[in-house]
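Each chain, written out:
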Amino acid sequence: MNFRKPKGTKDILPKDIYKWHYAERVIRDVTALYNFSEVRTPTFEYTELFKRGVGTDTDIVGKEMYTFDDKSGDSLTLRPEGTAPVMRAFVENSMLNDAPLHKLYYITNMFRYERPQAGRYREHTQFGGEILGSDSFYTDVELILLAKEVYNRCGVNNFKVKINSIGKPDERNAYVAKLRDYLKDNLTALSDDSKRRFETNALRILDSKNPGDRTITDAAPKILDHLGTESRSRFDKVVNELTKLSVNLEVDFRLVRGLDYYTDTTFEFVSEDLGSQDALGGGGRYDGLIEQLGGKPCPGVGFGSGLERVLIVAEKNGFTFGEPNKPQIYFISLNDAARDKAFELMQALRKNNIACETDMLNRSFKAQMRDANKLGVKNVYILGEDELTKGKGQLKNMSTSSQSEVDFDKIAEAIN
RNA sequence: GUGAGCGUAGUUCAGUUGGUUAGAACAUCAGAUUGUGGCUCUGAGGGUCGGGGGUUCGAAUCCCCUCGCUCACCCCA
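What you see is a predicted model, and the numbers here were worked out from it, not measured in a lab.

Engineer: Could you clarify how one ought to interpret the sheet that holds strand 9 (residues 263-270) in this entry?
Structural biologist: Sheet strands pair by backbone hydrogen bonding; their relative direction is either parallel or antiparallel. Reading across the sheet, the 8 strands line up as 1-5-6-11-10-9-7-8 and stay open at both edges, with mixed pairing between neighbours. Strands with a single pairing partner mark the edges of an open sheet, and in this sheet they are strand 1 (37-38) and strand 8 (249-251). Pairing of strand 9 with strand 10 (residues 279-285) involves 6 bridges; the strand directions are antiparallel. Paired with Phe269 across the two strands is Gly281, which belongs to strand 10. Taken strand by strand, helix 6 (residues 137-153) contacts strand 5 (102-111), strand 6 (123-132), strand 7 (160-165), strand 9, strand 10 and strand 11 (300-306), and its axis lies near 15° from that of strand 11.

Structure follows, in structure tokens:
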């Protein structure tokens, strides 16, 4: 074993791939129901995009990016998140000129240099959705419903939606000042991490897991009490609508997301079946982002969700992801002439969309039967000397063990 | 970046106070009389005991270093 996969990456082997296909199918079905269109953007972007879009103070940009110079000296970065690239594509392709509203989704891999742990990888897959062009509270609601539907169809029902609003930028700044004012007096009691955050990003102290920090922040001013009337009313409408649709909601004043571009609504789907990294997905509004990236002012809302995490919870719940593909018929050949005939018959069946398999190792009759059994095929078609002269093979049903002669050109109808 | 736990066949694990050729189960492959799977029986292949160094007559077992994995902090999907 000389070569190993890089830390934090994974191989998805044939025995598991059908689960991924299933989940991807669900995502494509559900996004279609909500009239979202897929976008695919490059795996890497100019580094500046993420610095500008995500924010240099965030951990993602500050220490987690896979950044490198190409041969011309341009700084490129493997995408660490999905929203900034989609916004770049949206602006660059002047999509707003085609239509005033766009609903976009993606399923793609993301890269972040972090220490791997349960549910956290250096390369992971996210599916996400973005609604661009509308600031209607219905768009926030629709995205949450979309994600919820995907989870449900993957057998994931035991999660709750944490929701909060961090208001408009000026409301947020005013609130952060109040928060810092409150924390100032407790500064010595805060954890070292939070002391650091007090300087860099005081909002983040709210979601510290440190029990001491939590006791202090329990009594801190709440951002929801410091929103303007418009923001507050917007938040209430989102909450009311989701409650009406019986989404398992929890208003959480601690929910401040780690990306700089959020405004107003923020939300996160959390599941107790994950480890310490308990977020299935998260998102929020980002009404200033497109303008910040050089586009015309345009409201937007989006979310991203970790596919690995969805699969972890689904599997823990014992969800069955359909079945792996298997051939419908297995050809057993007892000599070279039969092998030749089998090969020819298989090609004809495959043209009729019938999945076939045969032995490629010149194995014994018994071994071929075993192979067919292990593959779980329903039918076996046996070709030997007698069958070749008769022009009929033996078709055996593996579950009933019944067997009958079937003409070479009647196989397709016989196995229906 | 910080901390803790763990590394023995493909997989899950045994391996007694250091003592002969390191075991089991499952998986894989083959056979159980002539051309028939699942169950059963028999057999086979497969291990530098993560790697390196040290202690010892002798190390999977003790010590040191190193690599890897896992989980947690951090952060997030």
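Engineer: Looking at this structure, how should I read the side chain of Ser231?
Structural biologist: With respect to the element layout, Ser231 can be found in helix 10 (residues 229-244). Since its relative accessible area comes to 1%, Ser231 is described here as buried. A polar atom in the side chain of Ser231 sits 2.8 Å from the side chain of Glu171.

Engineer: Before we go on, may I ask you to explain the pattern of salt bridges in this structure?
Structural biologist: Two side chains with opposite charge may pair up if their charged atoms get near one another. Summed over the entire model, instances satisfying the criterion amount to 35 salt bridges. One salt bridge connects Asp16 with Lys15, and the closest N-O pair in it is separated by 3.1 Å. Looking at Lys15, the relative accessible area reads 60%, which means it is exposed. For Asp29, the salt bridge goes to Arg25, with nearest N and O atoms at 3.1 Å. With Asp29 and Arg25 both in helix 1 (residues 14-33), this residue pair falls 4 residues apart, about one helical turn. Three or more residues joined by partner-sharing salt bridges are found here, namely Lys15, Asp16, Lys19 and Glu315.

Engineer: Quick question: what am I supposed to make of the protein's contact with RNA strand B here?
Structural biologist: The environment of RNA strand B is made up of 51 residues, and the closest members are Arg204, Arg257, Ser276, Met398 and Ser401. Counting only atoms of RNA strand B within 4 Å of the protein, the sugar-phosphate share comes to 54%. Note that a base oxygen of RNA strand B is positioned 2.6 Å from one of the side-chain N or O atoms of Gln403. For the surface near RNA strand B, the secondary-structure elements that each account for two or more residues are helix 3 (59-63), strand 6, helix 8 (192-200), strand 10, strand 11, helix 14 (365-375) and helix 15 (385-390). Its residues assigned to classes, the surface near RNA strand B comprises 11 nonpolar, 16 polar and 24 charged.

Engineer: Would you mind going over the packing of aromatic side chains with me for this structure?
Structural biologist: The description of an aromatic ring pair uses the distance of the two centres, along with the angle that the planes make with each other. In total, this model carries 15 aromatic pairs according to the counting rule given. Between Phe319 and Phe321, the aromatic rings sit 5.1 Å apart at their centres with planes inclined by 85°, giving edge-to-face as the arrangement. Between the aromatic rings of Phe331 and Tyr381, the centroid separation amounts to 5.4 Å while the plane-to-plane angle is 65°, which identifies the pairing as edge-to-face. Of the two residues, Phe331 sits in strand 12 (residues 329-333) while Tyr381 sits in strand 14 (residues 379-383), which places them 50 residues apart along the sequence. Each member of the pair, Phe331 as well as Tyr381, carries the same accessibility label: buried. Among the aromatic residues, those joined into a cluster by ring pairs are Phe127, Tyr151, Phe159, Phe267, Phe269 and Phe303. Lying over the aromatic face of Tyr121, Lys10 brings its terminal NZ or CZ to 5.0 Å of the ring centre. Above the ring of Phe253, the side-chain terminus of Lys222 is found at 4.4 Å from the ring centroid.

Engineer: What is the right way to look at unusual backbone geometry in this model?
Structural biologist: Excluding glycine, most residues fall at negative phi; most peptide bonds, likewise, are trans. We note that Asn362 has phi near 55°; this positive angle belongs to a residue other than glycine. Secondary-structure assignment places Asn362 in the loop between strand 13 (356-358) and helix 14. Given the relative accessible area of 57%, Asn362 is considered exposed. If you check the backbone angles, Ser401 has positive phi at about 65° while not being a glycine. For Ser401, the position within the fold is in the loop between strand 15 (392-397) and strand 16 (403-407).

Engineer: So what exactly am I meant to see when it comes to the nonpolar core here?
Structural biologist: The nonpolar side chains of a soluble globular protein tend to be buried, and buried together. One finds Phe127, Tyr151, Phe269 and Leu280 to be the most contacted residues of the largest nonpolar core, which totals 83 residues. If you tally residues by element for this core, the top one is helix 6, at 8 residues. Core analysis: the next-biggest nonpolar cluster, separate from the first, contains 16 residues, Phe331, Cys356, Val406 and Phe408 among them.

Reading the values: rules and limits
Residues numbered from 1 in each chain as written. Chains lettered and ligands numbered in written order. Predicted model: local features only at pLDDT ≥ 70, side-chain atom pairs only at ≥ 80, totals over all residues. Heavy atoms only, no water. Pairing = 2+ DSSP bridges. Helix = DSSP H or I, 4+ residues; strand = E, 2+ residues; numbered from the N terminus. Contact = heavy atoms within 4.5 Å. Axes fitted to C-alpha atoms, helices over the stretch in contact; angles between N-to-C directions. Buried < 20%, exposed > 50% of the residue type's maximum accessible area, 1.4 Å probe, protein only. Polar contact = N/O pair within 3.5 Å; in protein donor to acceptor, adjacent residues only side chain to side chain. Salt bridge = Lys/Arg side-chain N within 4 Å of Asp/Glu carboxyl O. Near = heavy atom within 4 Å. Nonpolar A, V, L, I, M, F, W, Y, C, P; charged D, E, K, R; others polar. Phe/Tyr/Trp six-rings, centres within 6.5 Å; stacked < 30°, edge-to-face > 60°. Lys NZ or Arg CZ within 6 Å of the ring centre and 35° of its normal. Core = buried A, V, L, I, M, F, W, Y, C linked by side-chain atoms within 4.5 Å.

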